[in-house]
Each structure stands twice: as structure tokens, then as C-alpha cells.
Amino acid sequence: MAISGLIITWPDDATRAAAARLAVAGDPRFELGPAEGHRQVAVLDTPDPRGDREAIAWLLGTAGVVHADVVCVHLDDAPPPTARAAEPGPACLATSGGTPS
């Protein structure tokens, strides 16, 4: 899994910026966060680094995206959450409210 923190820069033109925001928000790999002026925080979640690179290339090719800064990247080699759900551990105990026996 690859999770990236981005700062997306939108154009000065409000119509182009709104269209670009809609395009990015419509892609399930991206989650848009707070915006400040022409910049907006986003999180990109892909299955692997290759998917991350492909999504960033798509983003940069999207009409109305002026620039994208990759602020951080987290690569997780652990199995997907569904495979780990059956494993006992602190996260399972914390969510159930139980204590180890």
C-alpha cells in the first residue's frame, strides 16, 4: 500500500479550478482535505508505489491542476486489513473494549 500526502495547486480561474477539483474528488484514489487559497491538501491511497506514480501522473495531466507537491509517502508492506482482521492484537482489543486474558 502507498499513501501519499499532497498539496495541489489550482489555477486562478475559479471555473477551471472548480472543474479540476470535481475531477480529482471523483477519483476514489484521492481524498481532498482543507483548501487555503489556490492550494489544497489531498491524500492519495493506492495499492503500491507504481499505482501511486500512475495516479500522480494522471493528476498532473488533469486540466486545471497547476502543480502537485508530494509532501510525504508511506509504503506499507503489511498484508491488507482484511487479512489482518483475524489476527489478535492491541487494535482488536482496543476496539472491542476487552482486555487480554
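1. Quick look at the packing of aromatic side chains
Alright, step 1. A full pass over the atoms with the stated rule returns 1 aromatic pair.
Alright, step 2. Ring plane angle 35° and centroid distance 5.8 Å describe the contact between F30 and W58, whose orientation is recorded as tilted. Note that F30 is positioned in strand β2 (residues 30–36) and W58 in helix α2 (residues 49–61), a separation of 28 residues in sequence.
Alright, step 3. Taking the relative accessible area as the measure of exposure, F30 reaches 6% and is therefore buried.
Alright, step 4. Here R29 stacks its cationic end above the ring of W58, 5.7 Å away from the centre of that ring.

2. Structural notes on helix α1 (residues 14–25)
Alright, step 1. In a regular helix each residue adds 1.5 Å, so 12 residues correspond to 16 Å; α1 covers 16 Å between its end C-alpha atoms and thus fits that length.
Alright, step 2. When α1 is considered as a whole, its buried residues turn out to be A17, A20 and V24. The buried side chains of α1 occupy one side of the element, clustering within an arc of 65° when seen end-on. Exposed residues pointing more than 90 degrees away from the buried face of α1 are listed as A14, T15 and L22.
Alright, step 3. Residues of α1 that are buried in the fold lie against β1 (2–9), β2 and α2.
Alright, step 4. A side-chain oxygen of the first residue of α1 lies 3.0 Å from the backbone nitrogen of T15; this N-cap is D13.

Conventions we followed
- Residues numbered from 1 in each chain as written.
- Predicted model: local features only at pLDDT ≥ 70, side-chain atom pairs only at ≥ 80, totals over all residues.
- Heavy atoms only, no water.
- Phe/Tyr/Trp six-rings, centres within 6.5 Å; stacked < 30°, edge-to-face > 60°.
- Helix = DSSP H or I, 4+ residues; strand = E, 2+ residues; numbered from the N terminus.
- Buried < 20%, exposed > 50% of the residue type's maximum accessible area, 1.4 Å probe, protein only.
- Lys NZ or Arg CZ within 6 Å of the ring centre and 35° of its normal.
- Expected span 1.5 Å × (residues − 1).
- Arc of directions from axis to C-beta.
- Contact = heavy atoms within 4.5 Å.
- Polar contact = N/O pair within 3.5 Å; in protein donor to acceptor, adjacent residues only side chain to side chain.

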